[in-house]
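# Geometric and topological summary
If you want the building blocks of each chain, they are given just below.
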Amino acid sequence: RVEAKCPQARACGGCQLQFMNYEAQLAFKKNKVEANLRRIGGFDNFTIEKVIGMEDPWRYRNKAQFPFGKDKEGNIVTGFYAGRTHSIIPNRNCLLGVEVNEMILNEIISYMEENKVEPYDETTGKGLIRHVLIRYGFTTKEIMVCLIINGTSIPNAEALCRQLAKISGMTSITLNVNKKQTNVILGDEILPLWGKETITDYIGDIKYQISPLSFYQVNPVQTVKLYQTALEYARLDGNETVWDLYCGIGTIGLIASDKAKEVISVELNPDAVKDAIVNAKRNGIKNVRFYQNDAGVFMRQMADEGESADVVFMDPPRSGSDEKFLSSVVTLNPKRVVYVSCDPTTLARDLKYLTKHGYSAVTAVPVDMFPATEHVETVVLLSQ
Ligand code: SAH
């Protein structure tokens, strides 16, 4: 047990494990994955490898979303929701995020105060500014600021842009329209305010364009290790047809492309697919095809059409995969499946299905993408 580094750690809902030293956090995560595999998956003696941790487990996030609100005195505040609530614990200097976040938040709050712009109030549905999404390219140092608003414009936008543009690296300032009374942060519509609509970042040698609405891994240092592990597990020899399901902006498939004959990548989010296509072009990669579809529906179609797959990468959201998808994998019969999971409970459930239908889980390694939090990513190799 250690003293939490962040003075807000106890009240804030973001970090559950700051009170453990880092070694203990890694042990906790290994145990969490093993326990889920045992309890939900029924794998009694499946030993997993040591968690791949970080050298410096702070300030690792390239993305942050801060809500705006008011404190009891009526001052505009931003920070993070307290655990299981929507009351804001003021904090502009989260130790998991990059330092520049604080400067950006200060500018936005000054702008709101000077221009009498109200933060959104969840109970009344009134007020304009809901959240800000900030992204930072660790390699390129490009910054994206996207203000999520309960409207379609902000007053005196030029003043805000002028101040934000002074911050070194500022590349993209946009608005996102979300007029719904919901706790989903982002709406569908992006309105440009200043600069570009996207930022660029690298993972290894590959360059990625990232839109406000696309999924992009939040811990770039660990993402490299995550993808390396996934690639090692895939053991590609250059002749395979590889599928990258739940591909986001195309990352895993693009990295695998020079070790495969061809890659077929599938993603539901249309913005992410657009980014993925641009990413393939900008990196001169020609053997990857992208499809915008539900991964399960797509797999079922492909299985019915008699397509083939040698190696499947699958990286579903926390809710995991579904039976339509998994049963189609079984029909398509790839030699190896590399499952990248961000939730060990759904991972265990999905592995149970695949191991009942002709696959065996060969090896698994957790990767610590989210130090100080209870979350853990796991890469699993399944083989026929
Ligand atoms: N492999 C990518 C993205 C993983 S996150 C990376 O490493 O960056 C999971 C992705 O699955 C998200 O981009 C999300 O939009 C997508 N997704 C969620 N449900 C889906 C579905 N039913 N079919 C296809 N993609 C889906």
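A brief structural summary. (Residues numbered from 1 in each chain as written. Predicted model: local features only at pLDDT ≥ 70, side-chain atom pairs only at ≥ 80, totals over all residues. Heavy atoms only, no water.)

## What about the overall build of the protein?
The secondary structure content of the protein amounts to nine helices and 16 strands. A compact globule built from 384 residues should have a C-alpha radius of gyration of about 21 Å, and the protein, at 22 Å, falls within 12% of that. Expressed as lengths along the three principal axes of its C-alpha atoms, the size of the protein is roughly 65 × 50 × 35 Å. When burial is assessed residue by residue, the protein has 55% of its 384 residues classed as buried. A separation of at least 24 residues holds for 67% of the contacts in the protein among residues at least 6 apart in sequence. Total accessible area on the protein is roughly 17,200 Å²; 48% of this is exposed by carbon and sulfur atoms. (Helix = DSSP H or I, 4+ residues; strand = E, 2+ residues; numbered from the N terminus. Rg over C-alpha atoms; globule rule 2.2 N^0.38 Å. Buried < 20%, exposed > 50% of the residue type's maximum accessible area, 1.4 Å probe, protein only. Contact = heavy atoms within 4.5 Å. Areas by Shrake-Rupley, 256 points an atom, 1.4 Å probe, with all protein chains shown as cover.)

## Regarding the layout of surface pockets
In this structure, the second largest pocket spans a volume of roughly 210 Å³. Surrounding the second largest pocket, 14 residues form its lining, Ile203, Gly204, Asp205, Leu231 and Ile255 being those nearest its centre. Of all the elements in the fold, those that place two or more residues in the lining of the second largest pocket are α4 (220-234) and α5 (251-256). By residue number, the principal contributor to the lining of the second largest pocket is α4, which donates four residues. Its residues assigned to classes, the lining of the second largest pocket comprises eight nonpolar, three polar and three charged. (1 Å grid on protein atoms, 1.4 Å probe; cavity = no way out; pocket = protein on both sides within 12 Å on 5 of 7 lines; lining within 4 Å. Points joined across faces, edges and corners; volume = space filled by probe spheres on them. Nonpolar A, V, L, I, M, F, W, Y, C, P; charged D, E, K, R; others polar.)

## Thoughts on the packing of helix α1 (residues 22-39) against helix α9 (residues 344-356)
At their nearest, the axes of α1 and α9 sit 8 Å apart, and the two run at 35° to each other. Both α1 and α9 take part in a crossing whose hand is right-handed. On α9, the residues touching Lys32, Val33, Asn36 and Leu37 of α1 are Pro344, Thr345, Ala348 and Leu351. For the contact of α1 with α9, the per-class residue count stands at five nonpolar, two polar and one charged. (Axes fitted to C-alpha atoms, helices over the stretch in contact; angles between N-to-C directions. Left-handed = near helix turned anticlockwise from the far one by under 90°.)

## Section: the sheet that holds strand β1 (residues 63-70)
Sheet architecture is open: seven strands sit in the order β3-β2-β1-β4-β5-β6-β7, paired in mixed fashion. Strands at the two margins of the open sheet, each flanked by one partner only, are β3 (88-90) and β7 (189-195). Averaged over all neighbouring strand pairs, the angle between strand axes comes to 35°, with direction disregarded. Inspection of the sheet shows strand β5 (residues 143-149) paired to strand β6 (residues 170-177) by seven bridges, in the parallel sense. Residue pairing across strands places Ile148 opposite Asn176, the latter belonging to β6. (Pairing = 2+ DSSP bridges.)

## Quick look at the sheet that holds strand β12 (residues 288-292)
In spatial order, the strands read β12-β11-β10-β13-β14-β16-β15; together these seven strands make up an open sheet with mixed pairing. Edge strands, defined here as strands with exactly one partner in the open sheet, are β12 and β15 (360-367). Here the strands of the sheet are splayed against their neighbours by 15° on average, with no regard to which way each runs. Pairing analysis gives seven bridges linking β15 to strand β16 (residues 377-383), with the strands arranged antiparallel. Paired with Val365 across the strands is Val379, a residue of β16.

## Topic: the packing of aromatic side chains
The full count for this structure, using the stated rule, is seven aromatic pairs. An angle of 45° between the planes, with centres 5.3 Å apart, marks the rings of Tyr246 and Phe325 as tilted. On the criterion of sequence distance, the pair formed by Tyr246 in the loop between β10 (241-245) and α5 and Phe325 in helix α8 (residues 323-332) is long-range, its members being 79 residues apart. Accessibility classification places Tyr246 together with Phe325 in one group, the buried group. Among the aromatic residues, those joined into a cluster by ring pairs are Trp243, Tyr291 and Phe298. Directly above the ring of Tyr120 sits Arg130, whose terminal nitrogen or CZ lies 4.1 Å from the centroid. (Phe/Tyr/Trp six-rings, centres within 6.5 Å; stacked < 30°, edge-to-face > 60°. Lys NZ or Arg CZ within 6 Å of the ring centre and 35° of its normal.)

## Thoughts on the pairing of strand β8 (residues 199-203)
Counting buried residues in β8 gives four out of five residues, a clear majority hidden from the surface. Bridge analysis of β8 against strand β9 (residues 206-210) gives five bridges, and the strand direction is antiparallel. Bridge pairing in β9 places Ile199 opposite Ile210. Hairpin connection of β8 to β9: two residues between the antiparallel strands, including Gly204 at a positive phi of 60°.

## Brief notes about the site of the ligand
Gln217, Tyr227, Glu267, Asp294 and Ala295 are the nearest of the 16 residues found near the ligand. In this structure, Thr251 approaches the ligand through a side-chain N or O atom, which is 3.2 Å from an oxygen atom. Here Ala295 contributes a backbone N or O atom positioned 2.8 Å from a nitrogen atom of the ligand. Computed on the free molecule, the ligand has an accessible area of 580 Å², of which 87% lies beneath the protein chains in the complex. Classifying every residue of the shell around the ligand by side-chain character gives eight nonpolar, five polar and three charged. (Near = heavy atom within 4 Å. Polar contact = N/O pair within 3.5 Å; in protein donor to acceptor, adjacent residues only side chain to side chain.)

## Here we look at the environment of Gln25
Mapped onto the fold, Gln25 is located in helix α1. Taking the relative accessible area as the measure of exposure, Gln25 reaches 5% and is therefore buried. Sequence separation between Gln25 and Asp368 is 343 residues, and the spatial gap between their C-alpha atoms is 9.3 Å. With residues near it in sequence (within four places) discarded, Gln25 still touches Leu17, Gln18, Met20, Pro371 and Ala372.

## Details of α9
Between the first and last C-alpha of α9 there are 18 Å, a value that for 13 residues agrees with the 18 Å anticipated at 1.5 Å per step. Among all positions in α9, only Pro344, Thr346, Leu347, Ala348, Asp350, Leu351, Tyr353 and Leu354 are buried. Tucked inside the fold, the buried residues of α9 contact α1, α8, β14 (336-341) and β16. Two residues or fewer after α9 comes Gly358, characterised by a positive phi angle close to 100°. (Expected span 1.5 Å × (residues − 1).)

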